[in-house]
Amino acid sequence: QRHGSLEARYRWHAAGDTQTASPGTLEFFLLERYALFTVDAHGRIHTGRVHHEPYRYSATDAEALGTEPAIEAGFKLKGEPCSLLAAKRVDVEIFQLQELQT
């Protein structure tokens, strides 16, 4: 339940050359998602496959970041983020969604 309007402000810039993530790394886990999950208006969960070229990313220097929306959503956050990445845009193809049976 929301208790008001939260806002987070970010100020950052990409730092360094872009690269693709290697399997088994934290960056690969965070960036290379090939499944989509969503919840419809009736609370049913749907999933579908997605396809995209591997993300090209670089490290990021952040001058300002906010965690208030994530905390309001129920995430227990402590300290600074362990990963800040800037990824170049990719086109994503989403395949037909199917309802998960629970």
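The structure this text deals with has already been given above.
Since the structure is predicted, the reported quantities are computational estimates derived from the model, not experimental observations.

Trainee: Looking at this structure, how should I read the overall build of the protein?
Mentor: A count of helical and extended segments in the protein gives two helices and seven strands. Tracing the protein from N to C terminus, the helices and strands come up as β-α-β-β-β-α-β-β-β. For a compact globule of 102 residues, the expected C-alpha radius of gyration is about 13 Å, and the protein comes in at 17 Å, more than 25% above that figure. Dimensions of the protein, computed from C-alpha atoms along their principal axes, come out at roughly 45 × 40 × 25 Å. Looking at the 102 residues of the protein, the share that counts as buried comes to 14%. Restricting the contact set of the protein to residue pairs at least 6 apart, pairs at least 24 apart contribute 76%. Carbon and sulfur atoms form 52% of the exposed surface of the protein, whose accessible area is close to 8400 Å².

Trainee: Looking at this model, I keep getting lost on the side chain of Thr-60. Mind explaining?
Mentor: Inspection of the secondary structure assignment puts Thr-60 in strand E4 (residues 57-64). Residue class for Thr-60 comes out buried when judged on its relative accessible area of 13%. From its side chain, Thr-60 meets the backbone nitrogen of Ala-86 in a polar contact 2.9 Å long. Excluding anything up to four places from it in sequence, Thr-60 contacts Trp-12, His-13, Ala-15, Leu-84, Leu-85 and Ala-86.

Trainee: Would you explain a nonpolar patch on the surface in this entry?
Mentor: Taken together, Tyr-10, Trp-12, Leu-65 and Leu-84 make up a surface patch of nonpolar side chains, about 410 Å² in accessible area. Structurally, Leu-84 can be placed in the loop between helix H2 (68-72) and strand E5 (85-87).

Trainee: Teacher, can you tell me more about the packing of aromatic side chains here?
Mentor: The geometry of an aromatic ring pair comes down to the distance between the two centres and the angle between the two planes. Across all of its chains, the model carries zero aromatic pairs by this definition. A cation over a ring is seen here: Arg-33 above Phe-29, with NZ or CZ 4.8 Å from the ring centre.

Trainee: It is not clear to me how the sheet that holds strand E1 (residues 11-19) should be interpreted in this structure. Could you clarify?
Mentor: One open sheet holds the three strands; their spatial order is E1-E4-E5, and the pairing between them is antiparallel. One side of each edge strand has no neighbouring strand; the edge strands of this open sheet are E1 and E5. On average, each strand axis in the sheet is inclined to that of its neighbour by 35 degrees, with strand direction left out of account. Alignment of E4 against E5, held across three bridges, turns out to be antiparallel. Note that in E5 the partner of Tyr-57 across the bridge is Ala-87.

Rules and cut-offs
- Residues numbered from 1 in each chain as written.
- Predicted model: local features only at pLDDT ≥ 70, side-chain atom pairs only at ≥ 80, totals over all residues.
- Heavy atoms only, no water.
- Helix = DSSP H or I, 4+ residues; strand = E, 2+ residues; numbered from the N terminus.
- Rg over C-alpha atoms; globule rule 2.2 N^0.38 Å.
- Buried < 20%, exposed > 50% of the residue type's maximum accessible area, 1.4 Å probe, protein only.
- Contact = heavy atoms within 4.5 Å.
- Areas by Shrake-Rupley, 256 points an atom, 1.4 Å probe, with all protein chains shown as cover.
- Polar contact = N/O pair within 3.5 Å; in protein donor to acceptor, adjacent residues only side chain to side chain.
- Patch = residues over 30% accessible without salt bridge, like charges linked within 9 Å, V, L, I, M, F, W, Y side chains within 5 Å.
- Salt bridge = Lys/Arg side-chain N within 4 Å of Asp/Glu carboxyl O.
- Phe/Tyr/Trp six-rings, centres within 6.5 Å; stacked < 30°, edge-to-face > 60°.
- Lys NZ or Arg CZ within 6 Å of the ring centre and 35° of its normal.
- Pairing = 2+ DSSP bridges.
- Axes fitted to C-alpha atoms, helices over the stretch in contact; angles between N-to-C directions.

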